[in-house]
Amino acid sequence: MSRMSHVKSTTIKPSILYYGTPVILLTTLNEDGTVNISPISSSFVLGNHIVLGIGVGGKAMENLERHTECVINLPSPELWEHVERLAPYTGKQPVPREKEALGFTFEKDKYGRSGLTPVKSLSVQPDRIAECPLQMEAKVIDVKVPAHSPYFAIVETEVLHVHAHDSIVIDNRYIDPARWSPLIYNFRHYFSLGTELGKTFRSET
């Protein structure tokens, strides 16, 4: 008999399923040319495409429907307090009723509120965030709103340019996984990566 057969488990219904995903600070273009910053925690990567989960009632989705460019900024664990400063604010006014009920208030100057620094992008209009070690300029190529869950959108983006801090780059090509650690959103708590355990057979570094 396998020793795992003695491991007990419980069937639960958690209120959220953020089981440990990287935090993204998504920058999008406001109607007046200023930039909005939206913390999001639902994403996955397929080649040079990044798929984002974005609430349909927020400013990020409103901006992307009007202007299909964005920057996907990945903060390091040291930036968690900057991320949290943005958490209770929305760039949408009036504040959507459902967000207002959760305690959100309006804030237009997300850079000022977070203490982060804008830097010009190469080929998209929204700024990058200078403090984030990874910044990916992207354009939206597809948006789907599931009929079964109309409160969020599945947004597919194509990455145009990848910017990385020199401190995490190897040979002007690779990201050094020993030096780079994303900020992890783990059941509404912030974490960093732990000690490296090994690497896959396809690793080139």
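Computed from a predicted model, the values in this text were never measured in an experiment.

### Some points on the pairing of strand 5 (residues 49–55)
- Extensive coverage of strand 5 is indicated by the burial of five of its seven residues.
- Connecting the antiparallel pair strand 4 (residues 43–46) and strand 5 is a turn made up of two residues, with Gly 47 showing a positive phi of about 60°.

### A word on helix 1 (residues 59–66)
- Along helix 1, the positions that sit buried rather than exposed are Lys 59, Ala 60, Met 61, Asn 63 and Leu 64.
- Elements in contact with the buried residues of helix 1: strand 2 (24–29), strand 3 (35–40), strand 5, strand 6 (69–74), strand 11 (134–144) and strand 12 (152–164).

### Some remarks on the pattern of salt bridges
- According to the stated counting rule, one finds nine salt bridges in the structure shown.
- With a shortest N-O distance of 3.5 Å, Glu 62 and Lys 92 are connected by a salt bridge. One end of the pair, Glu 62, is in helix 1; the other, Lys 92, is in the loop between strand 7 (89–90) and helix 3 (97–101), and 30 residues separate them in sequence.

### What to know about the UniProt feature "domain: Flavin reductase like" (unreviewed entry) in the protein
- With numbering matched to this structure, UniProt assigns "domain: Flavin reductase like" (unreviewed entry) to residues 19–193.
- In the segment residues 19–193, helix accounts for 14% and strand for 43%; the C-alpha atoms at its two ends are 14 Å apart.

### Points about the side chain of Thr 21
- Relative to the helices and strands, Thr 21 is located in strand 1 (residues 19–22).
- Judged by its relative accessible area of 14%, Thr 21 falls in the buried class.
- A polar atom in the side chain of Thr 21 sits 2.6 Å from the backbone oxygen of Ser 41.
- Leave out the neighbours within four places in its chain, and Thr 21 touches Ser 41, Leu 183, Ile 184 and Tyr 185.

### What about the packing of aromatic side chains?
- Across all of its chains, the model carries four aromatic pairs by this definition.
- Taken together, a centroid distance of 5.6 Å and an interplanar angle of 35° make the contact between Trp 80 and Tyr 190 tilted. Note that Trp 80 is positioned in helix 2 (residues 80–86) and Tyr 190 in strand 16 (residues 189–191), a separation of 110 residues in sequence.
- Exposure remark for Trp 80: the relative accessible area of 37% places this residue in the partly exposed category.
- Overall, Tyr 190 belongs to the partly exposed group, its relative accessible area being 23%.
- Taken together through their ring pairs, the aromatic side chains of Tyr 18, Trp 80, Tyr 185 and Tyr 190 make up a single cluster.
- One cation-aromatic arrangement involves Lys 99 over Phe 104; the distance from NZ or CZ to the ring centre is 5.0 Å.

The rules we used
Residues numbered from 1 in each chain as written. Predicted model: local features only at pLDDT ≥ 70, side-chain atom pairs only at ≥ 80, totals over all residues. Heavy atoms only, no water. Buried < 20%, exposed > 50% of the residue type's maximum accessible area, 1.4 Å probe, protein only. Helix = DSSP H or I, 4+ residues; strand = E, 2+ residues; numbered from the N terminus. Pairing = 2+ DSSP bridges. Contact = heavy atoms within 4.5 Å. Salt bridge = Lys/Arg side-chain N within 4 Å of Asp/Glu carboxyl O. UniProt positions renumbered as here; feature names shortened; annotations may be inferred. Polar contact = N/O pair within 3.5 Å; in protein donor to acceptor, adjacent residues only side chain to side chain. Phe/Tyr/Trp six-rings, centres within 6.5 Å; stacked < 30°, edge-to-face > 60°. Lys NZ or Arg CZ within 6 Å of the ring centre and 35° of its normal.

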